[in-house]
Amino acid sequence: QVQLVESGGGSVQAGGSLRLSCRASGSTDSINVMGWYRQAPGKQRELVATISRGGGITNYADSVKGRFTISRDNAKNTVYLEMNSLNPEDTAVYYCNANTRYLSLYWGQGTQVTVSS
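Let us look at the structure shown here. (Residues numbered from 1 in each chain as written. Predicted model: local features only at pLDDT ≥ 70, side-chain atom pairs only at ≥ 80, totals over all residues. Heavy atoms only, no water.)

Counting buried residues in strand E9 (residues 92-100) gives 7 out of 9 residues, a clear majority hidden from the surface. One ladder, built from 7 bridges, connects strand E4 (residues 31-39) with E9; its direction is antiparallel. Each residue of the ladder has a partner; that of Tyr-37, found in E9, is Tyr-95. The pairing of E9 with strand E11 (residues 111-116) spans 3 bridges and is classified as antiparallel. If you follow Val-93 over to E11, its bridge partner there is Gln-112. Bridging between E9 and strand E10 (residues 105-107) involves 3 bridges; their strand directions are antiparallel. Looking across to E10, one finds that Asn-97 is bridged to Trp-107. Connecting E9 to the antiparallel partner E10 that follows it, the hairpin turn spans 4 residues, and Leu-103 within it adopts a positive phi of roughly 65°. (Buried < 20%, exposed > 50% of the residue type's maximum accessible area, 1.4 Å probe, protein only. Helix = DSSP H or I, 4+ residues; strand = E, 2+ residues; numbered from the N terminus. Pairing = 2+ DSSP bridges.)

The next subject is the packing of aromatic side chains. The tally for this structure, following the rule as stated, stands at 2 aromatic pairs. Residues Tyr-37 and Trp-107 carry aromatic rings whose centres are separated by 5.1 Å and whose planes lie at 70° to one another, so their mutual orientation is edge-to-face. With a gap of 70 residues between them, Tyr-37 in strand E4 and Trp-107 in strand E10 connect regions that are remote in the sequence. Between the aromatic rings of Tyr-95 and Trp-107, the centroid separation amounts to 6.5 Å while the plane-to-plane angle is 85°, which identifies the pairing as edge-to-face. Taken as a pair, Tyr-95 in strand E9 and Trp-107 in strand E10 lie far apart in primary sequence, 12 residues in all. You can call Tyr-95 buried: its relative accessible area is 14%. (Phe/Tyr/Trp six-rings, centres within 6.5 Å; stacked < 30°, edge-to-face > 60°.)

It is worth spelling out the environment of Thr-114 at this point. Tracing the chain through its elements places Thr-114 in strand E11. Along the backbone, Thr-114 and Ala-92 are 22 residues apart, and their C-alpha atoms lie at a distance of 6.6 Å. With sequence-adjacent residues up to four places away left out, Thr-114 is seen in contact with Gly-10, Ser-11, Val-12 and Thr-91. At 3.3 Å, the side chain of Thr-114 forms a polar contact with the side chain of Gln-112. (Contact = heavy atoms within 4.5 Å. Polar contact = N/O pair within 3.5 Å; in protein donor to acceptor, adjacent residues only side chain to side chain.)

Written as structure tokens, this is what we have:
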């Protein structure tokens, strides 16, 4: 079992920045790819970014490329999402997830990000 806890959400004006963190606990040695997803009101949950276990392979949604950066610190069992140049369309609940080598998928409880114009 893996538990994920996100933090760092909040309210910011357009053009601002936030840094989200997601700390994993439990069977952390089984975690492979980690990612961030988001869900805006009335919309489906969508991929934001993913990162491989070693951090060398990252993937981003087109809408965040060049503005968001995903990274991870395996010593701290934490994945980060640095978000810059935020705009109101980035407003959503952001969720962290973890894929394990046992093909299990875990989600955090989510953290709200609100960007005002």
